[in-house]
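Next come the chains, spelled out residue by residue.
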Amino acid sequence: IPAKPVLLTGAAGNLGRVLAAGLAERGWTLRLTDIAPFPDPLPPRASFRRADLNDGVELLRLAEGCGAILHFGGISVERPFETVMGPNLRGLYHVYEAARREGARVLFASSNHSIGFHERPKVPDRSQANEAKLGADCAFRPDGYYGLSKAYGELMGRLYWDKHGVENVNCRIGSCFPKPVNARMLSTWLSYNDLTRLVAAAVLAPRTGHCVIWACSDNPASFWGQDHRDRIGWQPEDSAEAYRAEVGHVVSGDPVEERYQGGSYASMAYSRGA
Ligand code: NAI
Ligand code: 15L
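This is a predicted model, so every value here is computed, not measured. (Residues numbered from 1 in each chain as written. Chains lettered and ligands numbered in written order. Predicted model: local features only at pLDDT ≥ 70, side-chain atom pairs only at ≥ 80, totals over all residues. Heavy atoms only, no water.)

Some details on the packing of helix H1 (residues 14–25) against helix H6 (residues 192–204)
Step number 1: The contact between H1 and H6 brings their axes to 10 Å, and the two run at 65°. In terms of orientation, H1 and H6 fall into the roughly perpendicular class. Classified by chirality, the crossing of H6 by H1 is right-handed. In contact with Leu15, Val18, Leu19, Gly22 and Leu23 of H1, H6 contributes Tyr192, Leu195, Thr196, Val199 and Ala200. (Axes fitted to C-alpha atoms, helices over the stretch in contact; angles between N-to-C directions. Helix = DSSP H or I, 4+ residues; strand = E, 2+ residues; numbered from the N terminus. Parallel < 35°, antiparallel > 145°, perpendicular 65-115°, else oblique. Left-handed = near helix turned anticlockwise from the far one by under 90°. Contact = heavy atoms within 4.5 Å.)

Given below as structure tokens:
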């Protein structure tokens, strides 16, 4: 159990609700926040306060006395730049300033869309060696303004570690839903169980520095290989492969979407030509 309370932004969102319940169950003391009301009964030892990520003073107040900030709040899908900018760029700055003041560690819910324009493997080879897959040190190839904001968030972590010694674990989440719903998710799916265990490991690890972790389950068809998971001692337990018969045939028919790891985010408003 963490020695200090843990602040969770985006607590009213899909993953925030999963984490609020799962971490409270482990005996953690949580401070929950979101711009939207928390829709569930408050878990034991948890408090909730509505706040806008655009409000830096409020963020400082919320983080007071916390040992870690789980940053899951913000725009979570592709939106126009002006919509993304406040919550995801300015908000990220407020989170890091609060972490710097408290000496807190940040866990950033980054996304595969920060690298979504990497191509998928041409022949999906489920036995492909880990080393042949995309490493976490690959180039950023954002597939939209949302993905760009996630690349910015990871770089913010790089800056605050190098300059201020603020530790941060950047989890490049694939697709975190109750179960995979299409063929792409046989590669990208992250189970709720694996997410909760990942977050717990990232907070409890003695030291992390700045690190980047592919947050997907133990999927044989994963696009992703090397990362820094050894630093926090996390290994996924679940696998999307069990759903192959159910969803393996669910593909979009859009060549751009099927070519890139980011899927539909890459093909949205795509105007580059063939
Ligand atoms: P969600 O959209 O359900 O939750 C995001 C929460 O942030 C919402 O409750 C929303 O009210 C809150 N929020 C938005 N603007 C805000 C603002 N200005 N101030 C305060 N709160 C604000 O998204 P979900 O699926 O729970 O994702 C959580 C995080 O994980 C997001 O950062 C998302 O980008 C990231 N992620 C999620 C993936 C997934 O598969 N669910 C995949 C990759 C990344
Ligand atoms: C994300 O970053 C989104 O938050 C989520 O809603 C999914 O679209 C996911 O990526 C994905 O790539 O499946």
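Some remarks on H1
Step number 1: Here H1 is twelve residues long and its end C-alpha atoms lie 17 Å apart, about the 16 Å a rise of 1.5 Å per residue gives.
Step number 2: Every buried residue of H1 is accounted for by Leu15, Gly16, Val18, Leu19, Ala20, Gly22, Leu23 and Ala24.
Step number 3: Of the residues one or two after H1, Gly27 is the one with positive phi, at around 95°. (Expected span 1.5 Å × (residues − 1). Buried < 20%, exposed > 50% of the residue type's maximum accessible area, 1.4 Å probe, protein only.)

Section: the site of ligand 2
Step number 1: In the neighbourhood of ligand 2, the contacting residues comprise Ser76, Val77, Ser111, Asn112, His113, Tyr146, Gly174, Ser175, Phe177, Arg184 and Tyr265.
Step number 2: Ser76 places a main-chain nitrogen or oxygen 2.5 Å from an oxygen atom of ligand 2.
Step number 3: Here an oxygen atom of ligand 2 sits 2.6 Å away from a polar atom, N or O, in the side chain of Ser175.
Step number 4: In the complex, the protein chains occlude 81% of the 320 Å² of accessible area that ligand 2 would expose alone.
Step number 5: Looking at the shell around ligand 2 residue by residue, the classes come out as four nonpolar, six polar and one charged. (Near = heavy atom within 4 Å. Polar contact = N/O pair within 3.5 Å; in protein donor to acceptor, adjacent residues only side chain to side chain. Areas by Shrake-Rupley, 256 points an atom, 1.4 Å probe, with all protein chains shown as cover. Nonpolar A, V, L, I, M, F, W, Y, C, P; charged D, E, K, R; others polar.)

Notes on the site of ligand 1
Step number 1: Within the structure, ligand 1 sits among 26 residues, and Leu15, Asp34, Ser76, Tyr146 and Cys176 are positioned closest to it.
Step number 2: Asp34 places a polar side-chain atom, nitrogen or oxygen, 2.6 Å from an oxygen atom of ligand 1.
Step number 3: Among the secondary structure elements, those contributing two or more residues to the shell around ligand 1 are H1, strand E5 (105–111), helix H4 (145–164) and strand E7 (175–176).
Step number 4: Looking at which element gives the most residues to the shell around ligand 1, the answer is E5, with three residues.
Step number 5: Taken together, the residues that form the shell around ligand 1 break down as 13 nonpolar, ten polar and three charged.

Comments concerning the pairing of E5
Step number 1: Among the seven residues that make up E5, seven are buried, leaving the element largely enclosed by the rest of the structure.
Step number 2: Here E5 shows no split at all, with Arg105, Leu107, Ala109 and Ser111 on one side and Val106, Phe108 and Ser110 on the other all buried.
Step number 3: Pairing analysis gives four bridges linking strand E4 (residues 68–71) to E5, with the strands arranged parallel. Bridging from a neighbouring strand, Leu70 pairs with Leu107 of E5.
Step number 4: Regarding topology, helix H3 (residues 81–102) serves as the crossover connection from E4 to the parallel E5, and that connection is right-handed. (Pairing = 2+ DSSP bridges. Right-handed = clockwise from strand over helix to strand, strands pointing away.)

Side note on the pairing of strand E6 (residues 168–173)
Step number 1: Taking burial as the measure, the six residues of E6 include six buried ones, the bulk of the element.
Step number 2: With burial as the criterion, each face of E6 is covered, one bearing Asn168, Asn170 and Arg172 and the other bearing Val169, Cys171 and Ile173.
Step number 3: Where E5 meets E6, six bridges bridge the pair, whose relative direction is parallel. Bridge assignment links Ser110 to a residue of E6, and that residue is Arg172.
Step number 4: Relative to strand E9 (residues 210–215), E6 is paired through six bridges, and the arrangement is parallel. Across the sheet, residue Asn168 finds its bridge partner in E9, namely His210.

These values are about where atoms sit, not about what they do.
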